[in-house]
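# Examining the three-dimensional arrangement
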Amino acid sequence: MFLRLFTDLRAAKVPVTLRECLALLEGVEADLAEHRVDEFYYLARTCLVKDERHLDKFDQVFAQVFKGMETLQQAIEQAGIPEEWLRKLAEKFLTDDEKREIAAIGWDKLWETLKQRLAEQQGRHQGGSKWIGTAGTSPYGAYGYNPEGVRIGQDSNRNFRAIKVWDKREFKDFDDTRELGVRNLRVALRRLRRFARTGAAEELDLDNTISETAKHGYLDVQLRPERRNAVKVLLFLDVGGSMDWHVELAEELFSAARAEFKHFEHFYFHNCPYERVWRENRRRHDQVISTWDILRTYSADYRIVFVGDASMSPYEVAMPGGSVEHWNEEAGEVWMQRLAGHFPKSVWLNPVQQQLWSYTQSIRQIGGLMGGRMFPLTLDGLDGAMKVLAR
């Protein structure tokens, strides 16, 4: 079992050595993992992963190797129906007509009623249309349906209707080693390159060396600065939620951008940029970067590329407190206007098919805030976006 973990990690390009594998075995023999897969995961990650960039690959390999296992001795398959199955059997699947009958109660009324429910409810509730619980049509809880609700205690999106998520969610950084599947995407990014010779003179200038040598009658070596791409780029990446469907494409773009631009920085946000962003998703709650600091640090000659599906509750764009995960003092549109105003050369790349944009209100909102500079994340769309940024 451990040999397979080791070989699969090597196959996934995680730089694991035999010494690190032996250290893991010593930890297991010392009973540091207490014979459970959960504890063994953290022990293995500590022993085998030395660079945070490889954590995502490690998680994928570990999940595949130990799929369905509860202990390190054997895989235990439940003979009965899993509890999670039983729980979700109670989930109510409503018809389209039933869903249309459930009226959205509105922003202010939603929060006022939630406070009242929290004060009155004394225990767990399942089904129904009022209390905070599971299934049913109440606007509060999990595994039910309501056109505008507060999601509490649900592991993932189902209807994409929540306007607030009352859970701490964990996102992962994009893998910057992914190679583009289509070479033309890389070619499209190169439209934004503007070469200049800057820095120390360390590169041999052959033509001037020949000219100066002939002029002086002795070898006169001439050096010049290396020719580099002078364009400066800030990449803002939407992560989590509905963007999970577009991770592969976003990772390919992320990997290509890091390779193409010397002056390059990236930041993550969720749904819409607000007063803070972050560089590492595992530390997004305690190592955030103020958006004001970005506006003060980076000059207006930086090109800004937002990557996101712009698919969210309209409240997240238009209202203070509209963020699905935290209470934002200022609306998302305020921060979008500040960023687009400070960085006039900015575009938004959207992985959603362009013919579907008109059906989502938030996409229309973001497109308006970008002054129409929203492009589909396709070959043609990327080519058009680079032309706008290169002007």
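Whatever comes next refers back to the structure up there.
Residues numbered from 1 in each chain as written. Predicted model: local features only at pLDDT ≥ 70, side-chain atom pairs only at ≥ 80, totals over all residues. Heavy atoms only, no water.

## Regarding helix α2 (residues 18-29)
- When the terminal C-alpha atoms of α2 are compared, their 17 Å separation across 12 residues agrees well with the 16 Å that a helix rising 1.5 Å per residue should span.
- Within the span of α2, buried status applies to Glu 20, Cys 21, Leu 24, Gly 27 and Val 28. Projected onto a plane normal to the axis of α2, the buried residues spread over an arc of 115 degrees and lie on a single side. Turned more than 90 degrees away from the buried face of α2 sit Leu 18, Arg 19, Glu 26 and Glu 29, all of them exposed.
- Buried residues in α2 make contact with α1 (2-11) and α3 (37-48). (Helix = DSSP H or I, 4+ residues; strand = E, 2+ residues; numbered from the N terminus. Expected span 1.5 Å × (residues − 1). Buried < 20%, exposed > 50% of the residue type's maximum accessible area, 1.4 Å probe, protein only. Arc of directions from axis to C-beta. Contact = heavy atoms within 4.5 Å.)

## What to know about the side chain of His 326
- When you line up the elements, His 326 lands in the loop between α12 (314-318) and α13 (332-342).
- Relative accessible area serves as the criterion here: at 17%, His 326 is assigned to the buried category.
- Polar contacts involving the side chain of His 326 include one to the side chain of Glu 275, which spans 2.9 Å.
- Within the structure, His 326 has its side chain in polar contact with the side chain of Ser 323 (distance 3.0 Å). (Polar contact = N/O pair within 3.5 Å; in protein donor to acceptor, adjacent residues only side chain to side chain.)

## Points about the pairing of strand β12 (residues 346-350)
- Taking burial as the measure, the 5 residues of β12 include 5 buried ones, the bulk of the element.
- In β12, alternate side chains face the same way, and those of Ser 346, Trp 348 and Asn 350 on one face and Val 347 and Leu 349 on the other are all buried.
- The pairing of strand β11 (residues 303-307) with β12 spans 4 bridges and is classified as parallel. Of the residues in β12, the one forming a bridge with Val 307 is Leu 349.
- Pairing between β12 and strand β13 (residues 374-376): 3 bridges, direction parallel. Bridge pairing in β13 places Leu 349 opposite Phe 375.
- Handedness of the β-α-β unit built from β12, helix α14 (residues 361-369) and β13 comes out right-handed. (Pairing = 2+ DSSP bridges. Right-handed = clockwise from strand over helix to strand, strands pointing away.)

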